[in-house]
Amino acid sequence: MSQSRKAVYPFSVETAMKYFTDADYVRTKYAALGAEDVELKPVEKTGSTIIIANERSVPVEVPTFAKKFISPMSKVSQKDTYQKSGDGYEGDWRIDMKGAPVVASGKIRLMPTADGKGCEHEVSADIEVSVPLVGKKIAAALIGDTLDAVEAELAYNKANIPA
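Residues numbered from 1 in each chain as written. Predicted model: local features only at pLDDT ≥ 70, side-chain atom pairs only at ≥ 80, totals over all residues. Heavy atoms only, no water.

(A) Seen up close, the overall build of the protein chain. Scanning the protein chain from N- to C-terminus turns up three helices and eight strands. Secondary structure of the protein chain in N-to-C order comes out as β-α-α-β-β-β-β-β-β-β-α. Rg of the C-alpha trace for the protein chain: 16 Å, near the compact-globule value of 15 Å for 163 residues, within the 12% margin. Along the three orthogonal principal directions, the C-alpha set of the protein chain runs to about 50 × 30 × 30 Å. Each of the 163 residues in the protein chain was classed as buried or not, and the buried ones make up 43%. Long-range pairs, those at least 24 residues apart, make up 53% of the contacts in the protein chain with a sequence separation of at least 6. (Helix = DSSP H or I, 4+ residues; strand = E, 2+ residues; numbered from the N terminus. Rg over C-alpha atoms; globule rule 2.2 N^0.38 Å. Buried < 20%, exposed > 50% of the residue type's maximum accessible area, 1.4 Å probe, protein only. Contact = heavy atoms within 4.5 Å.)

Right under this line is the structure:
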């Protein structure tokens, strides 16, 4: 079951993309949000597609029953793929948790506001855990943590990207 979060920024879509693809900004953002060992891949720009990828270690609120499958500090690999869509971007994101049967993924929308004075950034999230019998229970426990991380990232962008 996919859930989403949205932020309205006081800056343009192009300003957002400038920062989303800036290595120093991304590294600083993830460190501020509690990540360690942030490794960025070169940004890929091909035609109307932009791919942003990184690996990092992130703290995870792991329910007691799931500690056998998931570490409280987990290494993740993230890939965001943005496709130009009108005056904005739409795309997908995916996070694979290394050494754990967990995948977080969803959709991304980055579009100008109706008044043209900013942009809306919407991120949907879903969790898949491939563990027999308890996978759905683990996913239900992790979706809240994932949505909290999405909200923290949106708030960081809003506070730290100049208009």
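Moving on, there is more to tell.
(B) Just the side chain of Ser 124, in detail. Mapped onto the fold, Ser 124 is located in strand 8 (residues 119–129). Among the polar contacts made by the side chain of Ser 124, one reaches the main-chain amide nitrogen of Lys 107 at a distance of 2.8 Å. (Polar contact = N/O pair within 3.5 Å; in protein donor to acceptor, adjacent residues only side chain to side chain.)

(C) Representation of helix 1 (residues 13–20) in the model. Those residues of helix 1 that fall on the buried side of the exposure criterion are Val 13, Ala 16, Met 17 and Phe 20. Looking straight down helix 1, one finds its buried side chains confined to an arc of 95°; they lie on one side. (Arc of directions from axis to C-beta.)

(D) Up close: unusual backbone geometry. Look at Asp 37: it is not a glycine, yet its phi comes out positive at around 50°. Tracing the sequence through the fold places Asp 37 in strand 2 (residues 36–40). Positive phi is not limited to glycine here, since Leu 133 has a value of about 70°. Here Leu 133 lies in the loop between strand 8 and helix 3 (135–160). On the basis of relative accessibility, which here comes to 89%, the residue Leu 133 falls in the exposed class.

(E) Seen up close, the environment of Ile 70. Along the chain, the position of Ile 70 falls in the loop between strand 4 (49–59) and strand 5 (73–85). For Ile 70 and Asp 87, which are 17 residues apart along the polypeptide, the C-alpha to C-alpha distance reads 40 Å. Dropping the residues within four chain positions of it, Ile 70 is found in contact with Val 60, Val 62, Met 97, Ala 100, Val 102, Ile 138 and Leu 142.

(F) Local environment of the packing of aromatic side chains. For the structure shown, the criterion picks out five aromatic pairs. On the basis of an interplanar angle of 15° and a centroid distance of 4.7 Å, the ring pair of Tyr 9 and Phe 11 is categorised as stacked. Across the pair, exposure class does not vary: Tyr 9 and Phe 11 are buried alike. Between Phe 20 and Tyr 82 the ring centres are 6.4 Å apart and the planes differ by 35°, which places this aromatic pair in the tilted class. Here Phe 20 is found in helix 1, whereas its partner Tyr 82 is found in strand 5, with 62 residues between them in sequence. Neither Phe 20 nor Tyr 82 differs from the other in exposure class; each is buried. (Phe/Tyr/Trp six-rings, centres within 6.5 Å; stacked < 30°, edge-to-face > 60°.)

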